[in-house]
Amino acid sequence: MSSIVWTGSPHSGAGPAAPGGPPIVEAGPGAAWAAEHREEIRVLVERDGAVLLRGLGVGSAADVAEVADALGIERMVEKERFAPRRSYAGTEGVLSSSEWPADEPMCMHHELSYADVVPGLLLFGCLTAPADGGVTGVADSQQVLDALPAALVERFADEGWVLTRMYHEVGVSWTEAFGTEDRAEVDAYCAAAGLEHEWFPDGRLRTRQRRAAVLEHPRTGRRVWFNQVAFLNERTLDPVVREYLVDVYGPSGLPFNTAFGDGTPLDEETVETINEAYRNATLAEPWQAGDVLLVDNLRMAHSREPYRGPREIAVVLGDPVRLPGHVLT
């Protein structure tokens, strides 16, 4: 097997990330190259948390699926999505990126960190690179954890965090989030996944779940800041939008909101402190068509910048894992 070639600035998982973007590997074209270098790539992802493969030349969802299979990634079914996605026909487990307004940033988050089964690895394939912006940034949650105030970390470590969602005509419907129109299936899922849920006479659904916010990485044993407590908090919403939603649906009718594990609301300072730690840890490399970005979802949060022009990123949520102690009651 030939050795892979670095074209970026790799950093060791034992220390802080290098400034700029994630490590970049000069890849050969196609899934065959990925299959040949599977073990090396997997080692690099485990070491650095995220690796950009440049040169694979993926141009379709089918190409992305082939690369995922070549790397031995087990594709998983998404449940409880918080934003709409499209599924690509004929490529099971390959999805569009979350449909989010192009002129608004998507804050740092770990994919499905509120679910009981979460993706251990994410694959992003750039089918169309935007003309401007649209970078998928990554941030090492170990670095974020070290940067946050100790008292705040320990409170979240002790209590976890709470996510409350209201499924109605604003945001993702419960049928899309749970992938079914059968309420009994939703009831069974909620019972198995540790979600409190309540059906309303008008068809709305409210769910509430308590999850760990600080976990041990199952492979490295290092503590990671693994949650979406800042991103899914009401203070992340545009103030005008939040005011409108509260006026129409009441404070409990927001499509999503978060709190400390004991139910105490988060104040603005706490949300900004978390987001500032993410900003300081962010690595970002502009997309080039054909790029593939691999992200250890348990270690690295990811975000998306605003952008202009067409942008198409195909996504694989892979290597599902059920984390010990993640579901709190």
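Remember, it's a predicted structure, so these values are computed and weren't measured experimentally. (Residues numbered from 1 in each chain as written. Predicted model: local features only at pLDDT ≥ 70, side-chain atom pairs only at ≥ 80, totals over all residues. Heavy atoms only, no water.)

## Observations regarding the layout of surface pockets
One number sums up the size of the largest pocket: a volume of about 970 Å³. Taken together, 41 residues make up the lining of the largest pocket; nearest its centre are Trp100, Pro105, Phe231, Thr236 and Leu237. For the lining of the largest pocket, the secondary structure elements donating two or more residues are strand S5 (106-109), strand S9 (161-167), helix H8 (239-249), helix H9 (268-281) and strand S17 (300-304). Broken down by element, the lining of the largest pocket gets its largest block of residues, six residues, from H9. Here the lining of the largest pocket is built from residues that sort into 24 nonpolar, six polar and 11 charged. (1 Å grid on protein atoms, 1.4 Å probe; cavity = no way out; pocket = protein on both sides within 12 Å on 5 of 7 lines; lining within 4 Å. Points joined across faces, edges and corners; volume = space filled by probe spheres on them. Helix = DSSP H or I, 4+ residues; strand = E, 2+ residues; numbered from the N terminus. Nonpolar A, V, L, I, M, F, W, Y, C, P; charged D, E, K, R; others polar.)

## Remarks on unusual backbone geometry
A positive phi is found at Glu80, a non-glycine position, where the angle reads about 65°. By secondary structure assignment, the location of Glu80 is in the loop between helix H3 (61-70) and strand S4 (95-96).

## Focus on the environment of Ala193
One can find Ala193 in helix H7 (residues 183-193). Classification of Ala193 as buried rests on a relative accessible area of 2%. Between the C-alpha atom of Ala193 and that of Val327, which follows or precedes it by 134 residues, the distance is 7.8 Å. When sequence neighbours within four positions are dropped, the list of residues in contact with Ala193 reads Asp116, Arg211 and Val327. (Buried < 20%, exposed > 50% of the residue type's maximum accessible area, 1.4 Å probe, protein only. Contact = heavy atoms within 4.5 Å.)

## A short note on the sheet that holds S17
Spatially, S5-S17-S8-S15 is the arrangement adopted by the four strands of the open sheet, whose pairing is antiparallel. Of all the strands in the sheet, just S5 and strand S15 (282-283) have a single pairing partner and so form its edges. Relative to S17, strand S8 (residues 138-140) runs antiparallel, the two being bridged by three bridges. Its bridge partner being in S17, Val138 is matched across the sheet by His302. (Pairing = 2+ DSSP bridges.)

## Brief notes about the side chain of Thr207
For Thr207, the location among the structural elements is in strand S11 (residues 205-211). A relative accessible area of 1% means that Thr207 is categorised as buried. Excluding its chain neighbours within four sequence positions, the residues that come into contact with Thr207 are Leu163, Thr164, Arg165, Tyr167, Phe178, Leu195, Glu196 and His197.

## Topic: empty space enclosed by the protein
Sizing a probe to match a water molecule and rolling it over the atoms shows the empty space that remains. According to the stated counting rule, one finds four cavities of 30 Å³ or more in the structure shown. Forming the walls of the largest cavity are 15 residues, and the residues nearest its centre are Ser97, Ser98, Met106, Phe124 and His302. Breaking the lining of the largest cavity down by element, the ones donating at least two residues are strand S6 (117-128), S17 and strand S19 (312-322). Of the residues in the lining of the largest cavity, the class split is six nonpolar, five polar and four charged. In this structure, the second largest cavity occupies an estimated 40 Å³ of space. Forming the walls of the second largest cavity are Pro22, Leu52, Thr136, Glu285, Trp287 and Leu293. Across the lining of the second largest cavity, the residue classes break down as four nonpolar, one polar and one charged.

## Some words on the pairing of strand S14 (residues 256-260)
A large share of S14 lies buried, amounting to five of its five residues. Of the strand pairs in this sheet, S9 and S14 are connected by five bridges, and their pairing is antiparallel. Residue pairing for S14: Val162 is matched across the bridge by Ala259.

## Remarks on the pattern of salt bridges
Taken as a whole, this structure holds 23 salt bridges when the rule is applied. The salt bridge partner of Glu111 is Arg85, with a shortest N-O separation of 2.7 Å. Remark: Arg85 occurs in the loop between H3 and S4 and Glu111 occurs in the loop between S5 and S6; sequence separation between them is 26 residues. There is no split in this pair, since Glu111 and Arg85 are both buried. (Salt bridge = Lys/Arg side-chain N within 4 Å of Asp/Glu carboxyl O.)

## A look at the pairing of S9
Most of S9 is tucked away, with six of its seven residues classed as buried. Alignment of S9 against S11, held across seven bridges, turns out to be antiparallel. Bridge assignment links Val162 to a residue of S11, and that residue is Arg210.

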